[in-house]
Amino acid sequence: MPLPEFEALSVELSDGVAHSETARMGIVFAHGRHASSNACVQRLKAARHSLAAAFPPQRLIGDTLMTRLKQFFALTALAVCALAATSATAQTKLRYAVGFPSGAAPEAARVYADAVKQLSNNSINVRVFDMSLLNLAEMSSGLKQGLADIGYVLTPYTPAEFPHLNMASELSMLLALEDDPDGRSGMAFGGAMAEFVFTACPECNGDFARENQVFTGAGGSSPYMLLCTKPMQSADDLKGARLRAGGAAWARWARKVEAQPVSMPGNEIFEAMKQNVVECTIQSAPELSGLNLSEVTTSITPNLPGGAFSGASTNINRDVWRKLSEEQRRSLLKAGALMNAEVTYRYFDYAKRDVEAAVAKGVQLQPADAALLAISRAAIEADIPNLAATYAKQHNVQRGDALIEAMRPLLVKWTKLVEPVDSAQTLADLYWNEVYSKVDVSQHGLQ
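Caption draft 1: Broad picture of the pattern of salt bridges. Scanning all chains against the criterion turns up 15 salt bridges. A salt bridge links Arg242 to Glu279; the nearest nitrogen and oxygen atoms lie 2.3 Å apart. Pair noted here: Arg242 is in strand β6 (residues 242-244) and Glu279 is in the loop between α12 (269-274) and β8 (280-284), with a separation of 37 residues, a long-range link. A salt bridge links Arg346 to Glu342, with the shortest nitrogen-to-oxygen separation between them at 3.1 Å. Here Arg346 and its partner Glu342 are both found in helix α15 (residues 326-360), four residues apart, which amounts to about one turn of the helix. Both residues of the pair, Arg346 and Glu342, belong to the buried class. Each of Glu107, Glu342 and Arg346 takes part in salt bridges that share partners, so that together they form one network.

Caption draft 2: Here's a closer look at unusual backbone geometry. At the junction of Leu304 and Pro305, the peptide bond is cis and its omega measures out at -10° in the coordinates. Although it is not a glycine, Asn276 adopts a positive phi angle of roughly 65°. Counting through the fold element by element, Asn276 comes out in the loop between α12 and β8. One non-glycine residue, Asn396, adopts positive backbone phi at about 60°. With respect to the helices, strands and loops of the structure, Asn396 is situated in the loop between α17 (387-395) and α18 (400-417). According to the relative accessible area criterion, Asn396 is exposed, its value standing at 54%.

Caption draft 3: View of the state of the cysteines. Applying the stated rule across the entire model yields two disulfides. For Cys201, the disulfide goes to Cys204, at an S-S distance of 2.1 Å. Taking the sign of the S-S torsion, about 80° here, the bridge from Cys201 to Cys204 comes out right-handed. Residue classification places Cys201 among the buried residues on the basis of a relative accessible area of 1%.

Caption draft 4: Examining helix α8 (residues 185-200) more closely. Counted at 1.5 Å a residue, the expected span for α8 with its 16 residues is 22 Å, and the 21 Å between its end C-alpha atoms agrees. Across the 16 residues of α8, 14 count as buried, placing the element largely inside the fold.

Caption draft 5: Structural view of the pairing of strand β9 (residues 299-305). Of all the seven residues making up β9, five are buried; the element is thus mostly covered by neighbouring parts of the structure. As paired strands, strand β5 (residues 224-228) and β9 are joined by four bridges and run antiparallel to one another. Residue Met225 lies in a different strand from β9, and its bridge partner there is Pro305.

Caption draft 6: Looking closely at the packing of helix α11 (residues 248-256) against helix α16 (residues 370-383). Contact pair α11 / α16: the axes reach a minimum separation of 10 Å and the direction vectors enclose 125°. One finds that α11 runs oblique with respect to α16. When the axes of α11 and α16 are compared, the crossing they make is right-handed. Between α11 and α16, the residues in contact are Arg252, Trp253 and Lys256 and Ser376, Ala379, Ile380 and Asp383, respectively. Its residues placed into classes, the contact of α11 with α16 shows three nonpolar, one polar and three charged.

Caption draft 7: The arrangement of the packing of aromatic side chains in detail. In this structure the tally under the stated criterion is twelve aromatic pairs. Aromatic side chains Phe162 and Phe208 sit 5.1 Å apart centroid to centroid with 40° between the ring planes, which places their arrangement in the tilted category. Taken together, the residues Phe162 in the loop between β3 (150-153) and α7 (163-169) and Phe208 in helix α9 (residues 202-210) connect sequence positions 46 residues apart. When sorted by exposure, Phe162 lands in the same class as Phe208, which is buried.

Caption draft 8: Looking closely at the sheet that holds β6. An order of β7-β6-β8-β5-β9-β11 is seen for the six strands of this open sheet, with the pairing classed as mixed. Lying at the two open borders of the sheet, with one neighbouring strand each, are β7 (260-262) and β11 (364-365). Two strands pair when backbone bridges link them, and β9 and β11 are joined in this way by two bridges, in the parallel orientation. By the bridge assignment, Ile300 is partnered in β11 with Leu365.

Caption draft 9: Region of the structure containing the pairing of β8. When you tally the buried positions in β8, you get five out of five residues, the bulk of the element. Burial along β8 is two-sided: Cys280, Ile282 and Ser284 facing one way and Thr281 and Gln283 facing the other are all buried. In terms of strand pairing, β6 meets β8 through two bridges, oriented parallel. The residue of β8 that forms the bridge with Leu243 is Cys280.

Caption draft 10: Examining the side chain of Ser376 more closely. With respect to the helices and strands, Ser376 occurs in helix α16. Apart from residues lying up to four places away in sequence, Ser376 is in contact with Trp253, Leu304 and Pro305.

Caption draft 11: How the structure looks around the sheet that holds strand β10 (residues 312-317). Across the sheet, which stays open at both edges, the five strands sit in the order β2-β1-β3-β10-β4 with mixed pairing between neighbours. Unpaired on one side and paired on the other, β2 (124-129) and β4 (213-214) mark the two borders of the sheet. Across three bridges, the pairing between β3 and β10 is antiparallel. By the bridge assignment, Gly151 is partnered in β10 with Asn315. Helix α5 (residues 104-119) rests against β1 (92-97), β2, β3 and β10 of the sheet, and its axis sits at about 170° to β2.

Parameters at a glance
- Residues numbered from 1 in each chain as written.
- Predicted model: local features only at pLDDT ≥ 70, side-chain atom pairs only at ≥ 80, totals over all residues.
- Heavy atoms only, no water.
- Salt bridge = Lys/Arg side-chain N within 4 Å of Asp/Glu carboxyl O.
- Helix = DSSP H or I, 4+ residues; strand = E, 2+ residues; numbered from the N terminus.
- Buried < 20%, exposed > 50% of the residue type's maximum accessible area, 1.4 Å probe, protein only.
- Disulfide = S-S within 2.5 Å.
- Expected span 1.5 Å × (residues − 1).
- Pairing = 2+ DSSP bridges.
- Axes fitted to C-alpha atoms, helices over the stretch in contact; angles between N-to-C directions.
- Parallel < 35°, antiparallel > 145°, perpendicular 65-115°, else oblique.
- Left-handed = near helix turned anticlockwise from the far one by under 90°.
- Contact = heavy atoms within 4.5 Å.
- Nonpolar A, V, L, I, M, F, W, Y, C, P; charged D, E, K, R; others polar.
- Phe/Tyr/Trp six-rings, centres within 6.5 Å; stacked < 30°, edge-to-face > 60°.

Following this line, the structure appears as structure tokens:
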């Protein structure tokens, strides 16, 4: 409602009192805070009707009393409007812990923060903390306890808490068996994982709920490779080598090729390689810059072992999610689609950039030989059929075979869908239109 119409109602109510300093301030405040909405105008009209009913024309009353009563009605209505305006425009402030010191993840997180602000009509403000709030190992428990409101949760760090999602994540190794010369497997995996969790894995959402979290999207890394302090081109090179493995699938792969898997948080890899605690890390290329691994890497094996990593990059504290309006939840989901597209596409872009930069600094690019590639493929093909049984035994996953059967066709579907993608925005639109826009925000995360 324009200011003149809004003010006219106030003037009519207060019989000139609206032009007093107090009422004029109330009008300006309320209008400036967007209180002159239909709801607020209705309140003013209700006050007018109440005044007319209380003092019909045939009822005589002293002018002074009439004026004071009109003042009371008018200023009360304006106060209600002002209070409603303050409530409606109060900004929700959320803390987003990323856990990476630099690189694709914190960069994409800032794009996400800007998008949330815009999509929520400035009702939500997200502040990004790279590493100062929670590191990667602390992320899930910190988000559960409310130390952060949004977190970049890497579920393999807590395998007992997220067995269903982790089992599905291990199917990324199937992508290593496909021809992927452009390195787009992470884009496909991010889309497949989001669709799987939102539509086919109630157990995944149950796991998140038990940790006081709500899943709002997933991205995918560029293909995993060996970043090493010495060459790893043959089966003999790998035999007995200590490899940092960021997930169970890569740990099992390491054992199959007779290496020794080592588990540690991403933030500790640099020192581990520097101190020769491990000879290699199984990692995506952008961590050459994101975790500063280019300073300790001397050899890269780009075609082993493959697979991609998918993080729940915009998980939200469940208590926070439940307090948001449906419009705010929808804005976080749409921003989540953008965030996951941004981080995924940046990994795709930065993989090429960081490998080229490393080679320019003298790092050797040394692909695995044909014999080692054959051993690697055989290890992956032998592992997948045992996946459901492994998770049933270790984590009591009951529907492993059914969940795997739900995930496999999604990998095929999304591999085709991402072929024409040429930008982060194109990928964001694809994620949103295919998956995120179909999530029922009146139900998701509230059961």
